[in-house]
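Chain and residue survey
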Amino acid sequence: MPVTNVSVIGAGTMGNGIAHVFAQNGFSVQLIDVNAAQLEKAVQTISKNLDRQIAKGTLTEEQKTATLARLQTATDLKKGVSQADLVVEAATENVELKLNIFKMIDEAAPAHTILASNTSSISITKIAAVTKRPEKVIGMHFMNPVPVMKLVEIINGYATTTDITDTIVTLSKTLGKVPCVVNDYPGFIANKILMPMINEAICSLYEGIADVEAIDTIMKLGMAHPMGPLQLADFIGLDVCLSILQVLHEGFGNPKYAPCPLLVNMVTAGKLGVKSGEGFYKYTTGSKELIVSDRFKK
């Protein structure tokens, strides 16, 4: 069946971005979250991001109005997925939470519905195993910010069928994204390569080899990275980085994936990066100036 109705679970940064791109590209979208205030905030964020597109000349006022008209919100998961052709789960990166959500989706969604997860590291095969339709479960790993970033990492679970993969590849192209298909192993490709680099940057700081600015500047100017690894870690969220490294370490049993003790301590101390206002850098609302955290100043 063609995909026309899409339900997105989780109204955080990733969820509202995913809902945005689907609604903008002509799909009817149900954005679902147990927190009504979070849903209201998500719709406001989507509206502001659409305004940015208008300011850049990539969207018209009429297109913004049509996009918002295709977007509805719900706090009841069962009702929210009852008409879905595709469900994209974008909840917190927590294994038990995701497994519980997929059990509920599987019971409530129509038999034809494809179930996708935006997980950045959790096994699609493990998620699929709690459903009665493992062949229709797949990973759709969008990048942040979703309306801007072109990549969608598509992850085949052990049981995912070729026709489901083909459908999601085609769908991703419809959204103006570039799909890349990978197999289901810890970290997939994006984070299997990225997180050890970030971890090594944190270890280099921890070991006193270089300071925050030197590490990030070397990678930006020497390797043509748009953002240094420590700044990127702050942007992703240090708690998310730690969680992914733990998945890699447990999944492969290889000590090279062991999280740096400095990263563990920072997460324990609540220094999570942009989301908490401080990580390797300090963040002030409304300011784009990059200021190294006092903890790491020379």
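Now for a quick tour of the structure. Since the model is a prediction, treat every value here as computed from it, not as a measurement.

When its secondary structure is counted, the protein shows twelve helices and ten strands. Taken against the 2.2 N^0.38 rule, which gives 19 Å for 298 residues, the C-alpha radius of gyration of the protein at 20 Å falls within 12% of a compact globule. In terms of overall dimensions, the protein has C-alpha extents of about 60 × 45 × 35 Å along its principal axes. For the protein, the proportion of its 298 residues judged to be buried stands at 46%. Expressed as a percentage of contacts within the protein between residues at least 6 apart in sequence, the contacts between residues at least 24 apart total 64%.

What follows covers the sheet that holds strand β3 (residues 71–74). Across the sheet, which stays open at both edges, the eight strands sit in the order β3-β2-β1-β4-β5-β6-β7-β8 with mixed pairing between neighbours. In this open sheet, the two edge strands, each paired with only one partner strand, are β3 and β8 (178–183). Here the average twist between neighbouring strands, direction ignored, is 25 degrees. Pairing between strand β6 (residues 137–142) and strand β7 (residues 151–156): five bridges, direction antiparallel. By the bridge assignment for β7, I138 is matched with N156. Sheet strands touched by helix α1 (residues 13–24): β1 (5–9), β2 (28–32), β3, β4 (86–89) and β6. Its angle to β2, the strand with the most contacts, is close to 170 degrees. Here helix α5 (residues 95–108) sits on the sheet in contact with β1, β4, β5 (114–117) and β6, set at roughly 165 degrees to β5.

Residues separated by three or four positions in an α-helix point in the same direction, a consequence of the helix having 3.6 residues per turn. A rise of 1.5 Å per residue sets the reference length of helix α11 (residues 238–252), with its 15 residues, at 21 Å; its end C-alpha atoms lie 21 Å apart and thus fit the reference within 8%. The secondary structure elements touched by the buried residues of α11 are α8 (190–206), α10 (229–236) and α12 (261–268).

Attention now goes to the pairing of β1. Looking along a regular strand, one sees side chains alternate from face to face of the sheet. Counting buried positions along β1 yields four of five residues, so the element is predominantly enclosed. With five bridges joining them, β1 and β2 adopt parallel strand pairing. Bridge assignment links N5 to a residue of β2, and that residue is S28. In this fold, β1 hands off to α1, which returns the chain to β2; that crossover is right-handed. In the sheet, β1 pairs with β4 via four bridges, with the strands oriented parallel. Paired with S7 across the bridge in β4 is V87.

Within the largest apolar cluster, 35 residues are counted, with the highest numbers of intra-cluster contacts made by F22, L86, M140 and F142. When residues no more than four places from it in sequence are discounted, the contact partners of F22 are V6, F27, V29, L86, V88, M140, F142, L171 and L175.

Moving on, we come to the packing of aromatic side chains. In the structure shown here, the tally under the stated rule is four aromatic pairs. With a centroid separation of 5.5 Å and an interplanar angle of 35 degrees, the aromatic rings of F280 and F296 are classed as tilted. Linking F280 in the loop between α12 and β9 (281–282) with F296 in the segment after β10 (291–292), this pair joins segments that are 16 residues apart in sequence. A relative accessible area of 0% means that F280 is categorised as buried. Members of the aromatic cluster, connected to one another through ring pairs, are F22, F27 and F142. Over the aromatic face of F252 sits the side chain of K192, whose NZ or CZ is 5.2 Å from the ring centroid.

A few words now on the side chain of S120. Tracing the backbone shows S120 in the loop between β5 and α6 (124–128). On the basis of relative accessible area, S120 is assigned to the buried category, the value being 10%. When residues no more than four places from it in sequence are discounted, the contact partners of S120 are E93, H141, G187, F188, N191 and I244.

For the structure on display, the rule yields nine salt bridges. With its nearest N and O atoms 2.8 Å apart, the salt bridge here joins D51 to K64. Remark: K64 occurs in helix α3 (residues 61–69) and D51 occurs in helix α2 (residues 36–56); sequence separation between them is 13 residues. D51 gets classed as partly exposed once you look at its relative accessible area, which sits at 35%.

Conventions we followed
By convention here, each chain's residues receive numbers from 1 onward along its written sequence. Only residues with pLDDT of 70 or above have their local features reported here, since the model is predicted, and side-chain atom pairs are shown and tallied only from 80 upward, although totals for entire chains, interfaces and linings are computed over all residues. The side-chain figures draw on all heavy atoms in the structure; neither hydrogens nor water molecules are used. The way it works is that DSSP assigns letters per residue, a run of H or I at least four long becomes a helix, a run of E at least two long becomes a strand, and they are numbered from the N terminus. The atom set for the radius of gyration is the C-alpha atoms, and the globule formula is 2.2 Å times the number of residues raised to the power 0.38. Exposure categories follow from relative accessible area, calculated using a 1.4 Å probe and restricted to protein chains: below 20% of the type maximum is buried, above 50% is exposed, and the middle band is partly exposed. Working rule for contacts: check all heavy atoms of both residues, and any pair within 4.5 Å makes them a contact. Only when DSSP finds a minimum of two bridges between them are two strands counted as paired. Simply put, an axis is a line fit to the C-alpha atoms, just over the touching stretch for a helix, and the angle between two N-to-C directions goes from 0 to 180 degrees. Expected span of a helix, by definition, is 1.5 Å for each gap between consecutive residues, and there is one gap fewer than residues. Look down the strands so they point away from you; if the path from the first strand over the helix to the second goes clockwise, the crossover is right-handed. Think of a nonpolar core as a cluster: buried Ala, Val, Leu, Ile, Met, Phe, Trp, Tyr and Cys residues, connected wherever their side-chain atoms sit within 4.5 Å. Working definition: rings of Phe, Tyr and Trp (its six-membered ring) pair if their centres are within 6.5 Å, and the pair is stacked with planes under 30 degrees apart, edge-to-face with planes over 60 apart, and tilted otherwise. The criterion is that NZ of a Lys, or CZ of an Arg, lies within 6 Å of the ring centre and within 35 degrees of the ring normal, and then a charge sits over that ring. The term salt bridge refers to a pairing of a side-chain nitrogen on Lys or Arg with a carboxyl oxygen on Asp or Glu at a separation within 4 Å.

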